[in-house]
Amino acid sequence: FKRKGLQVRPRSRTLTAVHEAILEDVVAPSEILGKRTRIGVDGSKVIKVFLDPKDKDKDNVEAKLATFSAVYKKLTNKEAQFVFPTA
């Protein structure tokens, strides 16, 4: 049931793209290396975001990880966990 004259929504306007952009902005000085979505037994989703280990000591990022989670949760209503990968 496609309406005549209705255009396809651009990728930059989709909810997923907006949430990705918010995630990038929240961790601004640091780089995101990867993301995993963990789905619990009860159906809850938690996004695990892996940050660049080079930024660990720079700009006191390690102390801000809980703040990143709180800000992302407030803006998008999604749970996110920010971690540095252990080699």
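Refer to the structure presented above.
A. Broad picture of helix α1 (residues 15-26). The terminal C-alpha atoms of α1 lie 16 Å apart, and with 12 residues this matches the ideal 16 Å at 1.5 Å per residue to within 8%. Where α1 is concerned, the buried positions are Ala-17, His-19, Leu-23 and Val-26. Where α1 is buried, its residues touch β1 (32-39), β2 (45-51), α2 (65-76) and β3 (79-83).

B. Here's a closer look at the nonpolar core. Judged by nonpolar contacts, the single largest core of 14 residues is most densely connected at Val-27, Val-49, Leu-51, Leu-65, Phe-68 and Phe-82. Apart from residues lying up to four places away in sequence, Leu-65 is in contact with Leu-51, Phe-82 and Phe-84.

C. Inspection of the pairing of β1 at higher detail. Note that β1 and β2 share 7 bridges and pair antiparallel. Counterpart to Lys-35 in the pairing with β2 is Val-49. Taking the residues between adjacent antiparallel strands as the criterion, β1 and β2 are bridged by 5 residues, where Gly-43 takes a positive phi near 95 degrees.

D. Quick look at α2. Its 12 residues place the ends of α2 17 Å apart at the C-alpha level, agreeing with the 16 Å of an ideal helix rising 1.5 Å per residue. All of the buried residues along α2 are Leu-65, Phe-68, Ser-69, Tyr-72 and Thr-76. Along the axis of α2, the buried residues cluster in a sector spanning 95 degrees; they form a single face. Across from the buried face of α2, at angles greater than 90 degrees, the exposed residues are Ala-66 and Lys-74. Positive backbone phi, approximately 65 degrees, marks Asn-77, located one or two places after α2.

Scoring rules and cut-offs
- Residues numbered from 1 in each chain as written.
- Predicted model: local features only at pLDDT ≥ 70, side-chain atom pairs only at ≥ 80, totals over all residues.
- Heavy atoms only, no water.
- Helix = DSSP H or I, 4+ residues; strand = E, 2+ residues; numbered from the N terminus.
- Expected span 1.5 Å × (residues − 1).
- Buried < 20%, exposed > 50% of the residue type's maximum accessible area, 1.4 Å probe, protein only.
- Contact = heavy atoms within 4.5 Å.
- Core = buried A, V, L, I, M, F, W, Y, C linked by side-chain atoms within 4.5 Å.
- Pairing = 2+ DSSP bridges.
- Arc of directions from axis to C-beta.

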